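Commentary on secondary and tertiary structure
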Amino acid sequence: MWKIALLPLDSRPCCQQFPQLIANIAGAKLVTPQIELLGKFTEPGSCEAVSSWLRSAAEEADGIVVSADQLAYGGLIASRTHDRTLEDALRTLDVLRDIKTRYPAKPIYVSSVLMRIGITGKNAQFAQYLQLVFEYCQLHDRINRLKETGLEEPFKRVKEQIPEEVLSDFFKARERNMHIHKLLIDWAASGAIDFLTITQEDASPVGLHVSEQYELQRYIYERSVQAKTMIYPGADEAAQTLLARLLQNLQQKRIKVYPQFTSESAKLAVAPYEDRPINESVKLHLWAAGAIVVETPNEADFILSVSAPMNHASMPASGLRTAFFDSRHMLTDLVEKVKYDLSAGRRVAIADVGLPNTADIELIQYLLDERLFTQLSGYAGWNTAGNALGTCIAHAVARTLNDKDDGENSKEADHAHYSFLMSRLMDEWGYQAKVRDQVNDWVTKHTSVSPWNLESDYEVVNEQAVLRMNDLFAAVKQRLLEAQQASAAAGCREWIDAELTFVQLPWNRTFEIDVRVEVKLK
């Protein structure tokens, strides 16, 4: 059994828990630091403590995956402020070179986040600044890079509404982070790290980040590390992506994947919070995960079916959109192809990236009605398109690497797979699409806090989330078991039962949920 040391981006389930479950699906052992060392929400992790942990964990690991933002700054939220200096960040990052010197044959894969064009919405006041800073970055880019005219007055008005200390800290953090990105590229060139991903956090086609991407891409060229460094949209899922790459490296395999879209226009759609057509993001995530993109389904180890955004469908000004209800949304094509491919014995994973921060309820209902969901080799639809792609691909890669019938080992991998698949359903569809808006409405009606920072009302809000999730699972459980019976008839392992074993808001906000479903196998 391969043993992998992984330093998560922060303490959220997507960063700390998902990689553990994906490793279980692949039959590998993953070690991570104690969750208390990783910080929580606006409280940064202990860079010195995780640096010490990493040095110790590397000794017995076969390979290492590191989120540089945790090691350098204390996590993703901390990376957006200048609270930790460049000198401090350099000191704790240097453990990577020390490990490579001690264990030169052990692969070290590193992810680093290219800062988004917005600050953290810690409360209602900062949520207002978040949008203003976002607009500031876009206007700055349009004036200075694109040379658009007539924007000076709007730019001045936006700037005047942002406190000087907010902008100053924002730009100091960006400058520090760019220095770290270039240092990591240098280390990729020298061999101190073996592979580097620089993932673009929440962005848009215009903004300050575009010039930063250009600067870094040129630096990658100058340092001759184009085969060892990639820049693409994402952030929270990056450790999962590198874990998938490392698992293939250790097994000396390359998984072949055929991306499948419903139409040519679907390929060209740009997802919210991203800066390029979705087909480009899909290919970049596959290559970053170590997979090979192939041209036909018959060549593939699994098919990645992409439920893509729709550029003509506008998003609501507030609340969550959980469906398009648009006749041009090609659900029939997507689901019927999935049904055909599964019946032909092919593995299929679905990246539900049409809508941000939620599953597409039309798609999930269709899959459940046709009793197809439990036959999938992977599914994800959380947060941004990049986040969902990384999780879905890593899950399917792990499932493909360890999808074999060898008794108890296979049963353990099947248990991990089905439990993670059902957990994704109850997170993306159950919480994000069904429950989260209900909880946010309750917060608005019964408290004086913001869903972005529950302050002292965390316990009562968490209780509301737990109650609603338990009620929803009780209502849908029999439907899932009936769907799985059809999967068992199609050759999948049979279940005895499924239980919702854990529900909790992991941070002091309603944005994400920690939900775990345990499947009991026959």
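What counts and what doesn't
Residues numbered from 1 in each chain as written. Predicted model: local features only at pLDDT ≥ 70, side-chain atom pairs only at ≥ 80, totals over all residues. Heavy atoms only, no water. Helix = DSSP H or I, 4+ residues; strand = E, 2+ residues; numbered from the N terminus. Contact = heavy atoms within 4.5 Å. Areas by Shrake-Rupley, 256 points an atom, 1.4 Å probe, with all protein chains shown as cover. Lys, Arg positive; Asp, Glu negative; His and termini not counted. Charge placed at Lys NZ, Arg CZ, Asp CG, Glu CD. Pairing = 2+ DSSP bridges. Axes fitted to C-alpha atoms, helices over the stretch in contact; angles between N-to-C directions. Phe/Tyr/Trp six-rings, centres within 6.5 Å; stacked < 30°, edge-to-face > 60°. Buried < 20%, exposed > 50% of the residue type's maximum accessible area, 1.4 Å probe, protein only. Right-handed = clockwise from strand over helix to strand, strands pointing away. Parallel < 35°, antiparallel > 145°, perpendicular 65-115°, else oblique. Left-handed = near helix turned anticlockwise from the far one by under 90°. Nonpolar A, V, L, I, M, F, W, Y, C, P; charged D, E, K, R; others polar.

Within the protein, the secondary structure is distributed over 19 helices and 15 strands. Each of the three principal axes of the protein carries a C-alpha extent, and together these read 60 × 55 × 45 Å. By sequence separation, contacts in the protein at least 24 residues apart represent 78% of the contacts at least 6 residues apart. As displayed, the protein offers around 20800 Å² of accessible surface, 47% of which is attributable to carbon and sulfur atoms. Computing the positive centroid from 56 side-chain charges and the negative centroid from 70, the protein places the two 3 Å apart.

Let us look at the sheet that holds strand S2 (residues 29-31). Across the sheet, six strands lie side by side as S2-S1-S5-S6-S7-S8; this open sheet has parallel pairing. The open sheet has two edge strands with one neighbour each: S2 and strand S8 (229-233). Across the sheet, the mean angle from the axis of one strand to that of its neighbour is 20°, orientation sign disregarded. Taken together, the five bridges between strand S7 (residues 195-200) and S8 define a ladder with parallel strand orientation. Pairing of Ile198 across the sheet is with Ile231, part of S8. Across the sheet, helix H14 (residues 278-288) touches S7 and S8, and the angle it forms with S8 is around 140°.

With the rule as written, the count across this model stands at ten aromatic pairs. Geometrically, the ring pair formed by Phe18 and Trp382 is edge-to-face, given 5.9 Å between the ring centres and 90° between the ring planes. In this pair, Phe18 is assigned in helix H2 (residues 18-26) and Trp382 in the loop between strand S13 (378-380) and helix H17 (385-401), connecting sequence segments 364 residues apart. Under the relative-accessibility criterion, Phe18 is labelled buried at 4%. What makes Trp382 buried here is its relative accessible area of 8%.

Across the five residues of S8, five count as buried, placing the element largely inside the fold. By the alternation rule, side chains of S8 split into Thr229, Ile231 and Pro233 and Met230 and Tyr232, which are all buried. As for the winding sense of the linkage, the β-α-β connection from S7 through helix H11 (residues 208-222) to S8 is right-handed.

So, on to the environment of Gly290. Relative to the assigned elements, Gly290 resides in the loop between H14 and strand S10 (292-293). For the pair Gly290 and Leu243, spaced 47 residues apart in sequence, the C-alpha to C-alpha distance is 9.5 Å. Ignoring anything within four residues of it in the chain, the contact list for Gly290 reads Arg245, Gln248 and Arg254.

Contact geometry of helix H6 (residues 86-93) with helix H10 (residues 164-190) gives a least axis separation of 10 Å together with a crossing angle of 30°. One element, H6, and the other, H10, form an angle in the roughly parallel class. When you trace H6 past H10, the crossing you get is right-handed. Contacts between H6 and H10 involve Leu86, Ala89, Leu90 and Leu93 from the first element and Arg176, His179, Ile180, Leu183 and Trp187 from the second. For the contact of H6 with H10, the per-class residue count stands at seven nonpolar, one polar and one charged.

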